[in-house]
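Below, each chain spelled out in residue letters.
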Amino acid sequence: MRRVGIYGWGLVAPKSPNIEAFKRNLRQNESWLTPFNGFGPDNFLVGMPQFDFGDYRQWIDERFSSGRFQKLSEKMDLCTQYAIGAFVQALGQNPGLEELLSELGTAAHVYIGTGLGPLPTIHDESLRLHKAQRRWNRFWSDPSRNGALKSYLQGSETAEDAPPPPEDVPEAARDEAESAWWSYWSKRSPELQEYLHEVRQIEAMNVEGNIEQAKIRVIKQKRRLHARLQQKWGAPDPPWTEVSANLIWNIQNTPASQISMLGKITGLSMAPVAACSTFGVALKLAMDAINRGEAKAVVMGATDPPPHALTVSAFYNARVISADAEVSKPLSRLRGTHISGGSVVWILGDYEYLSQRGLRPLGMEPLAVGVSSDADHIITPSKEGPTTAMRQALSQAGQQAQDITEWDLHATATPGDYLEVENLRDLVGDEVLITARKGTFGHGMSAGGGWELTAQYLGHEEGEIFPTPLPDRQLHAEIRRLHQRFVFDAPCAVSKGVAGKLSMGIGGINACVISRPW
């Protein structure tokens, strides 16, 4: 087994636009959560990332043409921009790291995962399409440009399967009735079929002769003909022209792809997706690639969009989110978690190879990542699944349960916290010091596990275990019966033993990371 080190790290988190702010904020025992107000006034708290992509303009302008930053700003959503920011921060931790990644060719990889993906972009473009489709159907279902409907209204044609006219339904159902009525009749419009025939003729233009010159000529000619067609019919823009291409520029692998382009990294780039265990799974894939000799260095991490009404609604109806406008702290009243967004990026490397190049490892030494699936329930954790990942990680790390002195929980401030502590106590003893940090920065779907692991590693680098917002008196009585040693609202001294970190993802995906001090 090759030894692996972290040679760069960066992140975007609530109250923390960069790794330096994150470290400063961890020394406080306060929550970083703020009111959501995504539904107008509401009772939700979220972890809203503090971020300005403009902070990275100089870095980009120094390496690329003047238009590159503007294109990234206009075409990339926040999920990708967060990851880019975290990557640039990570490069700054070790001089020469940027050049090394480029020089390694295919021996440098990029694994940047996501939990939720570009949900805000999907939401916005879906609404735009919905509105455009309603305008379109309404236009072509008007009797003045729909011969079939005109004949129906005059009584010369029948339509037994037609939906009821909107004016004949109760007002509460009128929006849906309008959509159904317009959709039905637009499909039967002879005039729309004539319009579509003309569209087909325009789109049938071929690229002939010199391809590059002809391609531009055909694009311009199509635009002119389409504009003339719209003017002829007085029609609104077709719905298929209303969805931005940014929707496909921001799919799950985009953060990894953009980092590969900005870092000139030519090895494999991809997006591992494992819900809340994404960071741990990405770390395992990176360590495996280095151990197999396929990579000398891997840029890995996770990124999530900012909290969104879609996500908050879904988590609320899954009954796992707090909704009383108060901070819900793990291990206390178990009222639910808080949604967060942001990113975390680590740069891993073969310890021997990178050390010979003069690079210094950070934090702690990752020894192994154990992974498993519950194969049971989509959201309620099992006993066997997480325990299997924990035992696997210890075995692969060559460590014993009694070697563990510190452990960071997944702990989402739900009833699952009790089972997680119970599972852990089946493995470790009374003296293990336990942390749970989602009361600090909330639950980043994929990035949260990376923030927690970075906090653990930073603590060892700084010589203290950072405090949490939980006072001793708020620890749940039933959890206290299981275990007494937790990190509360005061810092603690680090130990020289082995540290563990468990993440449990939706779908029953588990990842357990075992690390030790350098």
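For the structure given in this document, a descriptive report is provided here.

## With respect to the sheet that holds strand E10 (residues 404-408)
Overall, mixed pairing links the five strands, which are arranged E9-E16-E15-E10-E11 in an open sheet. On the outer flanks of this sheet lie strand E9 (364-373) and strand E11 (433-435), each paired with one strand and no other. Looking at each pair of strands side by side, their axes are set apart by 20° on average, direction ignored. Where E10 lies against E11, three bridges are found, and the strand directions are parallel.

## A few points about a positive patch on the surface
Positive charge collects at one region of the surface, where Lys220, Arg223, Arg224 and Arg228 lie side by side. Take Arg224: it is sitting in helix H10 (residues 211-233).

## Description of helix H17 (residues 416-425)
Of the positions making up H17, those classed as buried are Gly416, Asp417, Glu420, Val421, Asn423 and Leu424. Here the buried residues of H17 occupy an arc of 160° about the axis, which is enough to place them on one side. As for H17, its buried residues are in contact with helix H16 (384-397), E10, E11, helix H20 (477-482) and strand E15 (498-505).

## Focus: the nonpolar core
With 40 residues, the main nonpolar core has Phe22, Leu283, Met300, Trp346 and Leu348 as its most contacted residues. If one sorts the elements of this core by residue count, helix H13 (residues 278-291) sits on top with eight residues. Within the second largest apolar cluster, 37 residues are counted, among which are Val12, Tyr56, Tyr82 and Leu101.

## Describing the environment of Phe466
Here Phe466 shows up in the loop between strand E13 (464-465) and H20. Distance in space between the C-alpha atoms of Phe466 and Gly10 is 18 Å, their sequence separation being 456 residues.

## Some details on the environment of Arg485
As for its position among the elements, Arg485 is in the loop between H20 and strand E14 (492-493). Here Arg485 falls in the partly exposed class, since its relative accessible area comes to 37%. With 313 residues separating them in the primary sequence, Arg485 and Ala172 have C-alpha atoms 56 Å apart. What Arg485 contacts, discounting residues up to four positions off in sequence, is Asp430, Glu431, Val432, Leu433 and Ile434.

## Quick look at a nonpolar patch on the surface
A cluster of nonpolar side chains, namely Ile248, Trp249 and Ile251, defines an oily patch on the protein surface of about 300 Å² accessible area. Its place among the elements puts Trp249 in helix H11 (residues 246-249).

## Some thoughts on the pairing of strand E1 (residues 4-12)
Among the nine residues that make up E1, nine are buried, leaving the element largely enclosed by the rest of the structure. Of the strand pairs in this sheet, E1 and strand E8 (residues 342-350) are connected by eight bridges, and their pairing is antiparallel. Its bridge partner being in E8, Val4 is matched across the sheet by Asp350.

## Describing the packing of aromatic side chains
Enumeration according to the criterion identifies 26 aromatic pairs in this entry. Pairing Trp9 with Trp346 gives two aromatic rings, centres 6.2 Å apart and planes at 55°, and the pair type is tilted. Of this pair, Trp9 sits in strand E1 while Trp346 sits in strand E8; the two residues are 337 residues apart in sequence, bridging distant segments of the chain. Judged by its relative accessible area of 2%, Trp9 falls in the buried class. Using a relative accessible area of 0% as the deciding quantity, one classes Trp346 as buried.

## Brief notes about the sheet that holds E1
Sheet strands pair via backbone hydrogen bonds, and the direction of the pair is either parallel or antiparallel. Read from one edge of the open sheet, five strands run E1-E8-E6-E4-E5, paired in mixed fashion. Either end of the sheet is taken by a strand with one partner, and the two such strands are E1 and strand E5 (269-270). Pairing of strand E6 (residues 297-304) with E8, which is carried by eight bridges, proceeds in the antiparallel orientation. Directly across from Ala297, in E8, lies its bridge partner Gly349. Running at roughly 150° to strand E4 (residues 108-114), helix H12 (residues 254-262) makes contact with E4, E5 and E6 of the sheet.

## Looking at unusual backbone geometry
You will see that Asn37, though not glycine, has its phi angle at about 55°, which is positive. You can see Asn37 is positioned in the loop between strand E2 (34-35) and strand E3 (45-46). For Asn37, a relative accessible area of 44% gives the class partly exposed. With a phi angle near 65°, Ala325 is a residue other than glycine that sits in the positive phi range. Locating Ala325 in the fold gives a position in the loop between helix H14 (309-317) and strand E7 (339-340). The class for Ala325 is partly exposed, based on a relative accessible area of 38%.

## Description of the packing of helix H6 (residues 119-140) against helix H8 (residues 174-186)
Contact geometry of H6 with H8 gives a least axis separation of 8 Å together with a crossing angle of 55°. The angle between H6 and H8 falls in the class oblique. Read as a crossing pair, H6 and H8 show a hand that is left-handed. Together, Arg134, Asn137, Arg138 and Trp140 of H6 and Asp175, Glu178, Ser179, Trp182, Ser183, Trp185 and Ser186 of H8 make up the contact between the two elements. Of the residues contributing to the contact of H6 with H8, the split by class is three nonpolar, four polar and four charged.

Cut-off values and rules
Residues numbered from 1 in each chain as written. Predicted model: local features only at pLDDT ≥ 70, side-chain atom pairs only at ≥ 80, totals over all residues. Heavy atoms only, no water. Pairing = 2+ DSSP bridges. Helix = DSSP H or I, 4+ residues; strand = E, 2+ residues; numbered from the N terminus. Axes fitted to C-alpha atoms, helices over the stretch in contact; angles between N-to-C directions. Patch = residues over 30% accessible without salt bridge, like charges linked within 9 Å, V, L, I, M, F, W, Y side chains within 5 Å. Areas by Shrake-Rupley, 256 points an atom, 1.4 Å probe, with all protein chains shown as cover. Salt bridge = Lys/Arg side-chain N within 4 Å of Asp/Glu carboxyl O. Lys, Arg positive; Asp, Glu negative; His and termini not counted. Charge placed at Lys NZ, Arg CZ, Asp CG, Glu CD. Buried < 20%, exposed > 50% of the residue type's maximum accessible area, 1.4 Å probe, protein only. Arc of directions from axis to C-beta. Contact = heavy atoms within 4.5 Å. Core = buried A, V, L, I, M, F, W, Y, C linked by side-chain atoms within 4.5 Å. Phe/Tyr/Trp six-rings, centres within 6.5 Å; stacked < 30°, edge-to-face > 60°. Parallel < 35°, antiparallel > 145°, perpendicular 65-115°, else oblique. Left-handed = near helix turned anticlockwise from the far one by under 90°. Nonpolar A, V, L, I, M, F, W, Y, C, P; charged D, E, K, R; others polar.

As far as function goes, none of this settles anything; it's purely spatial.
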